Amino acid sequence: MKRFRRHGQESQRDRLKQELFQFNKTVEHGFPHQPSALGYSPSLQLLAIGTRSGAIKLYGAPGVEFMGLHDENAAVTQVHFLPCQVELVTLLDDNSLHMWTLRAHKGLSELLEIGRFTLTGPPGAPPSVTRVTAVLAHSSGELLLLGTEGGHVFVVEVPGFRELEERNISLDQVASSVPDDYIGRRNLEHVEALQENPVNPNQVVIGYGRGLMVIWDLERQCAVQHIPATQQLESVWWTEDGGYILSSHSDGSYCQWMVSGEDEDEEKSDIPYGHFPCKAISKIVQLPTEEGPPFLLFSGGMPRASYGDRHCITVIHSKTHVALDFTSRIIDFFTIRDGPQHTGDPSALVVLVEEELVVIDLQTEGWPVIQTPYLVPLHSSAITCSHHVSAIPLKLWERVIAAGELQNTHYSKKPWPITGGQNLAPDPPQRDLLLTGHEDGTVRFWDASGVCLYPMYKLSTAGVFHTDADPNDNMNQGTEGEWPPFRKVGCFDPYSDDPRLGVQKIHLCKYSGYLTIAGTAGQILVLELNDEAAEQTVEAKVVDLLQGQEGFRWKGHTRLDVREEPVLFPPGFQPFALVQCQPPAVVTALTLHSEWKLVAFGTSHGFGLYDYQQKNNVLIKCTLNPTDQLAMEGPLSRVKSIKKSLRQSFRRIRRSRVSLRKHHVHNAAKLQEANARLEAELAEMELAPVQRKIEARSSDDSFTGLVRTIYFADTFLSDSSHSTPSLWAGTNGGCVFAYMLRLPPVEHRAEEPVTAQPAKEIQLMHRAPVVGIVVLDGHGAPLPEPLEVAHDLARSPDMQGSHHLLVISEEQFKVFTLPKVSAKMKLKLTAVDGSRVRRVGVAWFGSNRSEDYGESGLVVLTNQGDVHVVSLPTVKMQVHYPCVRREDVSGIASCVFTKHGQGFYLISPSEFERFSLSTRCVVEPRCLVEVPLHPGSSNKHRPQPDGASSAHRNARQGSEDAEVLQEIQKSLEGDQTSFLENNVKSAVA
Amino acid sequence: MNKNHRVPSNRSLSAVEVKSKFGAEFRRFSLDRSKPGRFDEFYGLLQHVHRIPNVELLVGYADVHGDLLPINNDDNYHKAISTASPLLRLFLQRKEEADYTFGTNSLTRKKNTVLSAVLLRPDPNRKKPPVIISLPRDFRPVSSIIDVDILPETHRRVRLYKHGQEKPLGFYIRDGSSVRVTPQGLEKVPGIFISRMVPGGLAESTGLLAVNDEVLEVNGIEVAGKSLDQVTDMMIANSHNLIITVKPANQRNNVVRSGGGGGGAASGSSGRSSDSGASYYGYSSHGGVGAPASMPSHIIQNFPVGELESDEDDEDLVIEAGGEAEPIRRASSNYSMPSLLRYEPHLNLRVAATSTSTSTLSINANGTLPASGSSGSLSNAISTTPSLDRAIERRSLEEDGTVITL
């Protein structure tokens, strides 16, 4: 009977859990790791990026984004949109071709893979015969031309991938007609480039690696013209009027050839950065303007000896000649053109480099950069920590934006030029801020409210200190008359002046605008938001955390030198107080209470409390174990060396990869080689027998004194009738210290001292590190943040009922009564499933059924990469989901939770994955991309391969149009099934 | 096992004559055999009649064989009363003194001195080495084999008592593969194995675990599918009371069970738990956390129940400083000198420290601790918790770097 009743309750609870919790990985923010291919559809206004891990990502207007992942774990080497359609083709490193489409489903588009295909050569042919090196999506939208390493061109009907054998252009056919006097006629090598004649879709130019280009007529199946270039070919461009062909070559030259229909031998070659040997020009583009000279854009071609290591794109227009100098390797680039047909003047240059996407406004004087609303490199300096603040008050939001706008004056005013698709996501319910701390001492503020993680403001703390940076080492030192005329672009700058500047902890009070930032060398800055620039001196208050403990000598880095002269701080957050911990160890815990005007901090040696109004120390407590010498070593030297050697070997491999030219053939082989080497290195490391010592933790362990968490609470610490301000600190050794704080009345706050009185000390029996401390009010709800109640944004806590203390250790969750500390409830984690708490946060979960029901809960990420929700105040496990791979240690360490059940973690140095545990708070892309309105490309003459009319993109469509659209959609979907059938057939055959 | 005290012997008189010796003094009084009362009352009575209210005592009695046996809980107290014929001879000694008189050789020499807390079997002719009985609390249960009746014969469930031990657990585990029988035939599956024993460690000294034993469960939870690191963390999290189920690599030494009987016949317990009258040891239902609730009650162990349950490691040490006794503003003038602050907590802790043990069972487990007798000594302490001394003791223990709580 009892069991039955319980069962009923359980199922009711289960239902409630379903209404409250649901796990989704919603969107990836930042820049894709290791991009390897770029594609663009002028008709859809969508950009596509393929990565080395086989992901394909599509971006349009801000908020419009799609992601797909190939089943094969192979790099995407090429991406081509089918002209005027919603399909795109990807070529992978394993020589497979994949067809993707954007299919509308319930009013939203989805990116789906609808077919795959691998060229099959004649039996017995070497694999090089079918190894695809060049792809041309023909403007008819029905044909795909595939050039191969063997020099053949295969013609395939798309999107069904049906080989049209009779239309193939074999190497023999071409070679037979090559002029006898052409030097390279014996071996034309692979097909390097395929281009369609913009004015005659029946003509394509086939560029062979050896240099020869052949204009081929697809209808008549014969060569029209031979262009006998003698240098190794890199790329080919057919000018828009169809009159000329540009070819770029491996010696840094480019040539212009007249399309005359007759063979001519005259080679008009130009080496733009000539005289000395130059590197290859890997891609060349020439675009006309309505009036005036054309734009010429090419990548590479730099003098090998002096600038061979630069990653440059040269843009030449009239008398303006600029070599855009990027900080990482160029993957690919394209231009966006004006006009409804996208055939007008070039308006923007979009460059994908290895670490960022740079868009250059070609119509504004000086060609400024357009700020990207997405794909922003989070890792322009390595991320060292992050902090999320939910529900920012409008006031603070506007001030931060204003401060940020002052920093962005060098950006172009032009709107973002890529505008495909419609963002149908509802407006975010609140303003959320994500703060990332970086290795170079900067803190970046991101608008994390919606799908686009948009940069708002950047704060640098380096100005407070003297650093090792050479002031003359200016990146932008463009001297007059320098040749080539370099111009640095992009913000990826991974080089830190001084690793001690690295930001380790951040805490922002969203109501008062006070911010505290703590760093690697024990520095803690307190900053205030100021709308005006101000010149001030920041004095350091030194805190000796060792408190005279004998026998310790700090072996780590020294503290940073503070600038003694006044420093001019621009509008925004300006430092006004600085605490310097001694020894200058990494700050491991930090919090700020804006109502009490106190900052508390901890390192591996102890913790302290600082009064930022009176600018003095209130409390210093050493937690260092007298036998713990390791805590004085600074950053773990041994761990570092392993990490370093690993990093070096990765660098070596990357270098060897980078130095390879783009031929997949060689690439693949060398990549394999490099991978094998890496594997061997890793295997070597694993040769040491993997065994684990089983030993109880003791108080003698190292780093037991490291302060892991620090917390302010107004609660009942000494007696149950009067609540007092209190400070709580938890250590790595499972110890919790509680201090009672006495604050002078507000009117005497500036004069009378704040005092801290030791009140309690709890040694957890299991000695696991304390990672979180929360006080729960009489209702079992976590205490609100400082000033939250004052701003009417939270219910005031229940101070009548008894408060509880929740101590979260790596191994268990334990609730104690207050003021007399005795254990009340607990939940064991490690003893039961062997996982340990890595990150924890308090979140509020709203029900998706009833608007007014919600619960507080603990969100926990374990070292196994699972996320759990633990109920409050009963500490019961509610749900758990696998989230991060357990091997991804840095991903787990980077995780940060929001107050509404979402979270972020780094999936690569440059990307945050956003996930949600809440049914109510889900931020995910919801967008629609419509099919261009003339899919049947029956019109014979097309001015430009991608020059589709895009009237469809008009948001206000008549109902008739919509109907037409549906029709098309249906037919398209019908067709797709037949494509799939075709696939099956071809696979069988 | 406790039959004796429930059914008083027919021969016994209704009153038990008690002769109690403390130091050189004797006291005589009598107790009602049928209503002996509880041990703590008896203990209080002893302190009262000897007029030594604040002295912690060890109570021993001479049994029918002339052996000196301890009285420190209700069971052995009842046993002593029920077997007394007719005189119950008690020997009291100060706890702290007694602690140092336990030792094998010196004590056997003092065979006839009543203060020795040893028992020599009264058969000197057999030249048997002396059997030494210490008080139960002086034993350090090291390990035991448990659940023999419910486990397959090839498995062994070993319990290691780390509590209060300075000895390291002392073993290592590794990844490996083991062969399982599945419907599809033999299958190789990953497993966790003991890879190394530290000489002199707890694990080695028990003799119950060996290198290459496969670890199947940790505190009742299967390790299959868990990574080496997970299993390591589980073991460390349970290290104060670790129960490992292993499949010993060497099956020859494994327990061989007699066919019909089944439960509880074989005890591999390392403690010599011969029935000496102290019914401290015995069968009891398992109170452990990790073990499934369905586990039968025939678990052989040589450890008090209370101690068993104290493996619910609730005994976090809470130290309250200051409290109402001290004015909050007391040190406020000093706070401009932060260096003064640092030593204050410790000073406070030493003087006014008091422990709140959340597990009442753990107090009982100590056996000799009276509930009310010693609280008088806490006249200057703020809290009413009865174990000030223990708290201080623990504290000092902790300072020495050993485990704080028993």
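Residues numbered from 1 in each chain as written. Chains lettered and ligands numbered in written order. Predicted model: local features only at pLDDT ≥ 70, side-chain atom pairs only at ≥ 80, totals over all residues. Heavy atoms only, no water.

Named according to an unreviewed UniProt entry, chain B is Par-6 partitioning defective 6 homolog beta (C. elegans) originating from Sander lucioperca. Under the heading Sequence similarities (unreviewed entry), UniProt records this for chain B: "Belongs to the PAR6 family." (UniProt positions renumbered as here; feature names shortened; annotations may be inferred.)

The name that an unreviewed UniProt entry assigns to chain A is LLGL scribble cell polarity complex component 2, with the source organism given as Sander lucioperca. Quoted verbatim from the Sequence similarities (unreviewed entry) field of UniProt, the annotation for chain A is "Belongs to the WD repeat L(2)GL family."

Asks: Residue-level account of the UniProt feature "domain: Lethal giant larvae homologue" (unreviewed entry) in chain A, with values.
Replies: Under the UniProt annotation, "domain: Lethal giant larvae homologue" (unreviewed entry) lies at residues 270-368 of chain A. Secondary structure across residues 270-368 of chain A divides into 4% helix and 51% strand, with the first and last C-alpha atoms of the span separated by 28 Å. (Helix = DSSP H or I, 4+ residues; strand = E, 2+ residues; numbered from the N terminus.)

Asks: I'd like to hear about helix α3 (residues 74-83) of chain B, residue by residue, with values.
Replies: One turn of an α-helix holds 3.6 residues; hence residues three or four places apart share an orientation. For α3 of chain B, every residue scored as buried is listed here: Asn76, Tyr77, His78, Ala80, Ile81 and Ser82 of chain B. Put simply, asparagine 73 of chain B is the residue that caps the front of α3 of chain B, since its side-chain oxygen is 3.2 Å from the backbone nitrogen of aspartate 75 of chain B. (Buried < 20%, exposed > 50% of the residue type's maximum accessible area, 1.4 Å probe, protein only. Polar contact = N/O pair within 3.5 Å; in protein donor to acceptor, adjacent residues only side chain to side chain.)

Asks: Describe the sheet that holds strand β59 (residues 854-862) of chain A, listing the residues and the values that go with them.
Replies: Residue and element names in this part refer to chain A. An order of β58-β59-β60-β61 is seen for the 4 strands of this open sheet, with the pairing classed as antiparallel. Edge strands, defined here as strands with exactly one partner in the open sheet, are β58 (837-846) and β61 (877-882). When strand polarity is set aside, the average angle formed by the axes of neighbouring strands in this sheet is 20°. Direction of pairing for strand β60 (residues 866-871) relative to β61: antiparallel, over a ladder of 5 bridges. Residue pairing across strands places histidine 868 opposite histidine 880, the latter belonging to β61. (Pairing = 2+ DSSP bridges. Axes fitted to C-alpha atoms, helices over the stretch in contact; angles between N-to-C directions.)

Asks: So what about the pairing of strand β57 (residues 823-828) of chain A? Which residues, and what values?
Replies: Residue and element names in this part refer to chain A. Of the pairings in the sheet, the one linking strand β56 (residues 812-817) to β57 comprises 5 bridges and is antiparallel in character. Each bridged residue has a counterpart across the sheet, and for glutamine 812 the counterpart in β57 is lysine 828. Linking two consecutive strands that pair antiparallel, namely β56 and β57, is a turn of 5 residues.

Asks: I'd love a proper account of the sheet that holds strand β29 (residues 369-370) of chain A, names of residues and values included.
Replies: Residue and element names in this part refer to chain A. Taken in spatial order, the 4 strands line up as β26-β27-β28-β29 in an open sheet, and their pairing is antiparallel. Across the chains shown, the open sheet's two edge strands, defined by having one partner strand only, are β26 (330-337) and β29. Alignment of strand β27 (residues 346-353) against strand β28 (residues 356-361), held across 6 bridges, turns out to be antiparallel. Bridging across to β28, valine 353 finds its partner in glutamate 356.

Asks: Help me get a handle on the pattern of salt bridges, residues and values and all.
Replies: All names here are of chain A. Evaluated as defined, the whole model comprises 38 salt bridges over all chains. Glutamate 19 is the partner of arginine 849 in a salt bridge, and the nearest nitrogen-oxygen pair spans 3.1 Å. With arginine 849 in the loop between β58 and β59 and glutamate 19 in helix α1 (residues 2-20), the pair connects residues that are 830 residues apart, well separated along the chain. What makes arginine 849 exposed here is its relative accessible area of 62%. (Salt bridge = Lys/Arg side-chain N within 4 Å of Asp/Glu carboxyl O.)

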